[in-house]
Amino acid sequence: MAHRALVIALLPAIGLRVLAVLGFPPALLFYGDSFAFLREELTPGTARPSGYSLLLALLRPAHSLTLVTVLQHLLGLALAIGVYALLRRRGLPGWGATLLVTPLLYDEFLILLEHMIMADAVFVALVTGAVALVVRRVTPATAATAGLLLGLAGITRTVGLPLLLLTAAYLLVRRYGWRPLLALVVAGAIPLGAYATWTKAEKGTFALTEADGNFLWSRTMSFADCAVIDPPERLAVLCPDMPVEQRPYPPHWLWEDFSPLLKVPGTAHRNQLAGEFARQAILAQPVDYLAAVATDLRQLLRWERTAVDEKTPYKLPAAERPISQSVRGIAEAYEAGPAATRVVEPYAGWLRAYQRFGYVPFPLLMVALVAAFGLMVWRRRWDALLPALAALALVVSPPFLAAFDVRYVVPAIPLIFLALGLTLAGRAPEPAAPQEPARLSRAG
């Protein structure tokens, strides 16, 4: 059987996801984010776009968080199979393609995100699916489909927007012709434009969120010194009032009571002032800004995802997590019953034990990404350029725009191993037939 290796690898991967469904019903809930997505009233999100909320709304009539997580688990498995099929198409043997999708099947964090009511699993599928389509073959139809997927990714997580621009640049640099480029941009603009128009109608701002300035401001809280920045009086209210060495990690400045951000009235006004302050801080202290980013990026050298004694929402719980009274009704309305995450042994314990070792350490992940770039140049496999650059953008951009978070790195995993597989493939992409100069095109 040509795909025996993949079938053998799939069976335990399915088993791990069954353990998640049996061990932690109905789903894992993440702080306030999950409940913001689950709200019955659909409005454009303030801190995050509401694309995932629209998907949850489509599934609401089933009143089943288990249905949501099962579909996300199936999406994760389908993604691995899709990457495998593409690598086989490019000439890799079955065992080689299977080896490269093993992290997609077995990484505990991907399984955790699939079981969580968060946008990440859907975002991973949208981005990787779009990139794989472009890599497989560039035509106006595939470019339009990829653009639509990236547009949907942009209204799911805003980091998807730069990936649309990156893909457009890739088509332009590799001279695939104007038709695929136009199809990509137009198709991607449809969901983005529709969502921004919705935000304009609801909140008076043509944008995907009203928090980009807030997040960038929180980044500057790791180094901002108002004696150096010398902000105007209207921005001075956003100056931190504690020494740098005592300041908490940037995300805490967005929500905690001590944050001066909460002193500014009006969501849009707050976001505008925060953005202005952040830009002034970065221009006044560029070295400190880059040092803060570098400090965050050093976490990519950390071998363990989470330490044994570390408090983090990314550990599978050992006991039921009660839902706060203020948001309990939201989850229970969606589930039409109790919605708190239950812990069912022994399945939960087996998966918790697996979580301690079932992942690709970040240092090895970065080695794989560097190897993909190196092999791409050495073997002139330029079809690997898009997934490699997209992975790099996903890994590097959060520390520049907000802060490092383990959850922000994980979406790069499928792209890294797709890029690495393309550089190792024995068969180069088929060249396109010669065309008129005005219609230059080349198959990926």
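Scroll up for the structure.
All values derive from a computational prediction rather than experimental measurement. (Residues numbered from 1 in each chain as written. Predicted model: local features only at pLDDT ≥ 70, side-chain atom pairs only at ≥ 80, totals over all residues. Heavy atoms only, no water.)

A. Representation of the packing of helix α7 (residues 120-136) against helix α20 (residues 385-401) within the structure. The N-to-C vectors of α7 and α20 enclose an angle of 155°; their axes lie 10 Å apart at closest approach. Our classification of the angle between α7 and α20 gives roughly antiparallel. In the crossing of α7 with α20, the sense of the turn from one axis to the other is right-handed. For the pair α7 and α20, the contacting residues are Phe 123, Val 131, Val 134 and Val 135 in the first and Leu 386, Pro 387 and Leu 394 in the second. Within the contact of α7 with α20, the residues separate by chemical class into seven nonpolar, no polar and no charged. (Axes fitted to C-alpha atoms, helices over the stretch in contact; angles between N-to-C directions. Helix = DSSP H or I, 4+ residues; strand = E, 2+ residues; numbered from the N terminus. Parallel < 35°, antiparallel > 145°, perpendicular 65-115°, else oblique. Left-handed = near helix turned anticlockwise from the far one by under 90°. Contact = heavy atoms within 4.5 Å. Nonpolar A, V, L, I, M, F, W, Y, C, P; charged D, E, K, R; others polar.)

B. Fine view of the environment of Leu 22. Along the chain, Leu 22 falls in helix α1 (residues 4-23). For the pair Leu 22 and Thr 66, spaced 44 residues apart in the sequence, the C-alpha separation amounts to 9.8 Å.

C. Up close: empty space enclosed by the protein. Tallied over the full model, the rule gives three cavities of 30 Å³ or more. Empty space within the largest cavity amounts to approximately 90 Å³. What lines the largest cavity is Gly 76, Leu 79, Leu 104, Leu 110, Leu 113, Glu 114, Ala 121, Val 124, Ala 125 and Pro 414. Put simply, the parts of the chain that give the lining of the largest cavity at least two residues each are α4 (65-89), α6 (108-114) and α7. In this structure, the second largest cavity occupies an estimated 70 Å³ of space. In terms of lining residues, the second largest cavity is bounded by Ala 20, Leu 28, Glu 108, Ile 111, Leu 112, His 115, Leu 316, Leu 351, Tyr 354 and Gln 355. Considering only residue class, the lining of the second largest cavity consists of seven nonpolar, two polar and one charged. (1 Å grid on protein atoms, 1.4 Å probe; cavity = no way out; pocket = protein on both sides within 12 Å on 5 of 7 lines; lining within 4 Å. Points joined across faces, edges and corners; volume = space filled by probe spheres on them.)

D. Representation of the state of the cysteines. For the structure on display, the rule yields one disulfide. Disulfide pairing places Cys 226 opposite Cys 239 at an S-S distance of 1.9 Å. With the S-S bond torsion at -105°, the cross-link from Cys 226 to Cys 239 turns out left-handed. Within this pair, whereas Cys 226 is found in helix α12 (residues 226-229), its partner Cys 239 is found in the loop between α13 (233-236) and α14 (252-255), the two being separated by 13 residues in sequence. With relative accessibility at 17%, the residue Cys 239 sits in the buried group. (Disulfide = S-S within 2.5 Å. Buried < 20%, exposed > 50% of the residue type's maximum accessible area, 1.4 Å probe, protein only.)

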